[in-house]
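Structural overview for review
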Amino acid sequence: MGQKRITRRSFMGKAAGVTGGMMAARSIMLEATPIGLPAHPPAPSDTIRFGIIGVGMRGGGLLPAAIKLPGVECVAACELYTSRQELAKQIVGKPIQITERYQDLLDRKDIDCILAPVPDHWHERIVLDCCKAGKDVYVEKPMTHEVQQGFPIIDAAKKYNRIVQVGSQEPSSMLYTKARELMQQGVIGDVCLVESTMGRNSPCGAWRYAIPPNLSPQTLNWTTWLGSAPKRPFSKERFTRWRCWEDYGEGISGDLFIHSLTGIHYAMDVQAPPKRAATMGGLFRWHDGRDFPDVMTTVYDYPNFRAMLRVTLNTSESEVYRFMGTHGILEMGGIENPRGFTIMPQDGKNHNPCAPAWPSEMEAAYSKKWHAEHDTPPGEAKAIESVSYYAPPDYDSTSEHLWNFFQSVRTRRPSIEGPEFGNNAAIACHMANYAYFHNAIAVWDHEARKLTSA
Ligand SMILES: NC(=O)c1ccc[n+]([C@@H]2O[C@H](COP(=O)([O-])OP(=O)(O)OC[C@H]3O[C@@H](n4cnc5c(N)ncnc54)[C@H](O)[C@@H]3O)[C@@H](O)[C@H]2O)c1
């Protein structure tokens, strides 16, 4: 990844995060390594052929992005709902196999790998079946629906020597890559606290997606959709808004926290689940029979820092990540820089004498001495520079994440977001709900590989 300085260079007398001195602001537009532009077009024999299982909201985005990549071809789609079978055909725009049985895709010798953007209660089964069938698999986030599902996936990927990539795209994002690099260089010092906040304020934001008018047991294979979830009569709501129910999803933690957790684990080079998590939340507004709260704050205990994640589905607020270090703040997103991040340096020093509640003479003497020793001589003040990094306007980390997956399939290079990484982030996501529903601190028992309460 390269970077290009853009011409704007402005100086601000005062800026958030800096006490004293002058702050200079610099802007840098990041340049992506051109995706999928090899020196020569891949030979037909080098083409990766994939099948997709699930062409819903996410699949409807992954599929067009994947088929735009060079040297990649979709040859089959598995869907349980007829209108989405139609959607798959429309997206691909040429004849492909359409089936309701994903095993049909796994049986095909000419399919190299599978994209699996299916609801979370299907993730484990499909990944295990793909590995066993010798197919690499891109499974959506969170990698697991339940804590105990992660280690069998790791074992299967090893046993069958398969690429398993999890679909939170943050590790492929040029922004996270640059932020991680800068933090590893110590640009903001020791990071002791990370905050991530976001809010939504609409039925759609609270997962109340419109129910398709033709949805019925005749157009949807409801029994297969339920899979290993408890048997229930056909429910349009559960199919369309599955994120609301614990039989299929994990609410805020699995849908939204997981992106923050993935970004934080990647940027902070976290290699294990957090030790503990405490959650407060509540269901205040969306009383539609859902299992999950619409407001949730979780505090995580990592060995070298703490992380505080907060989401509300009741007030709109831009998504912000704040990595807070001893030498400043790296703020990603937010109103000021929604498609990038800004580093706001701090020197961590006193800028005035700090001698509270001293008698006046003693205070005056100390103050005089302090200024004599610390004040910058006139003309020697240096500007402290804040730097903003931006992604190009058309930048899309999902395409980059897909490209990384297909490159791993092609070259057998380990995935940028493999099953160990995916499991650590998924465990952290499950800890948030465990703490909320048990009304206790969730503790990750590394030896027993399970969650307990404290
Ligand atoms: N990475 C991201 O930014 C992102 C964004 C949205 C969703 N997701 C993830 O993508 C996954 C899918 O979410 P969605 O919103 O697209 O759900 P969705 O309900 O809109 O689509 C899922 C589709 O999978 C199909 N399906 C379910 N089980 C199947 C099976 N056994 N065989 C074949 N088809 C099956 C359903 O019929 C449905 O059409 C979830 O894990 C979600 O967390 C990720």
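Because the structure is predicted, anything quoted here is derived from the model rather than measured.

What counts, and where the lines are drawn
- Residues numbered from 1 in each chain as written.
- Predicted model: local features only at pLDDT ≥ 70, side-chain atom pairs only at ≥ 80, totals over all residues.
- Heavy atoms only, no water.
- Pairing = 2+ DSSP bridges.
- Helix = DSSP H or I, 4+ residues; strand = E, 2+ residues; numbered from the N terminus.
- Axes fitted to C-alpha atoms, helices over the stretch in contact; angles between N-to-C directions.
- Parallel < 35°, antiparallel > 145°, perpendicular 65-115°, else oblique.
- Contact = heavy atoms within 4.5 Å.
- Nonpolar A, V, L, I, M, F, W, Y, C, P; charged D, E, K, R; others polar.
- Domains from an automatic or database assignment.
- Buried area = accessible area lost by both parts, 1.4 Å probe.
- Salt bridge = Lys/Arg side-chain N within 4 Å of Asp/Glu carboxyl O.
- Buried < 20%, exposed > 50% of the residue type's maximum accessible area, 1.4 Å probe, protein only.
- Arc of directions from axis to C-beta.
- Near = heavy atom within 4 Å.
- Polar contact = N/O pair within 3.5 Å; in protein donor to acceptor, adjacent residues only side chain to side chain.
- Areas by Shrake-Rupley, 256 points an atom, 1.4 Å probe, with all protein chains shown as cover.

On to the pairing of strand β10 (residues 276–282). A regular strand places its side chains on the two faces of the sheet in alternate fashion. Bridge count between β10 and strand β11 (residues 295–301): 7 bridges; the pairing is antiparallel. By the bridge assignment, A277 is partnered in β11 with Y300. As judged from the 2 bridges shared by β10 and strand β17 (residues 442–445), these two strands associate in the antiparallel manner. What sits directly across from R276, in β17, is V443.

Turning our attention to the packing of helix α5 (residues 150–159) against helix α12 (residues 419–438). Look at α5 against α12: their axes get within 9 Å of each other, and the N-to-C directions meet at 175 degrees. By the criterion of interaxial angle, the relationship of α5 to α12 is roughly antiparallel. Residues G150, F151, I153, I154, A157 and K158 of α5 form the contact with α12, whose participating residues are P419, E420, N423 and I427. For the contact of α5 with α12, the residue count by class is 6 nonpolar, 2 polar and 2 charged.

To continue, consider the domain arrangement of the chain. Domain boundaries in the chain define domain 1 (2–33 + 174–208 + 239–348 + 384–395 + 419–453) and domain 2 (44–170). For domain 1 and domain 2, the distance between their C-alpha centres works out to 27 Å. Taken residue by residue, the interface counts 27 residues in domain 1 and 24 residues in domain 2. Together domain 1 and domain 2 conceal approximately 2200 Å² of surface at their shared face, both sides included; 64% is due to carbon and sulfur atoms. Of all residues in domain 1, H259, P419 and N423 bury the most surface against domain 2, accounting for 26% of the area lost on that side. The partner of E420 in a salt bridge is K158, with the nearest N and O atoms 3.8 Å apart.

With that settled, the discussion passes to the environment of H401. The topology assignment puts H401 in helix α11 (residues 397–411). Taking the relative accessible area as the measure of exposure, H401 reaches 0% and is therefore buried. Separated by 232 residues in the primary sequence, H401 and Q169 place their C-alpha atoms 5.6 Å from one another.

Another aspect to go through is helix α2 (residues 82–92). Since the α-helix advances by 3.6 residues per turn, residues separated by three or four positions end up pointing in the same direction. Among the residues of α2, those classed as buried are Q85, A88 and V92. One side of α2 holds all its buried residues, which, seen down the axis, span an arc of 55 degrees. On its buried face, α2 is in contact with α1 (59–67), β4 (72–78) and β5 (97–99). Positive backbone phi, at 75 degrees, marks G93, one or two positions downstream of α2.

Time to look at the site of the ligand. In the vicinity of the ligand lie 24 residues, with R58, E79, R84, D120 and R243 positioned nearest. Taking R84, its side chain carries an N or O atom lying 2.8 Å from an oxygen atom of the ligand. For the ligand, a nitrogen atom lies 3.0 Å from a polar atom in the backbone of G167. In isolation the ligand offers 840 Å² of accessible surface; the protein chains occlude 95% of this area. In terms of residue class, the shell around the ligand is built from 11 nonpolar, 6 polar and 7 charged. Both domain 1 (2–33 + 174–208 + 239–348 + 384–395 + 419–453) and domain 2 (44–170) contribute no fewer than three residues apiece to the shell around the ligand.

Tallying each qualifying case throughout the model produces 25 salt bridges. For the salt bridge of D301 with R306, the shortest nitrogen-to-oxygen distance reads 3.0 Å. Here D301 falls in the buried class, since its relative accessible area comes to 9%. Between R310 and E317 there is a salt bridge, with the nearest N and O atoms lying 3.3 Å from each other. For R310, a relative accessible area of 29% gives the class partly exposed. Residues joined by salt bridges that share partners form a network here, namely R49, E73 and K94.

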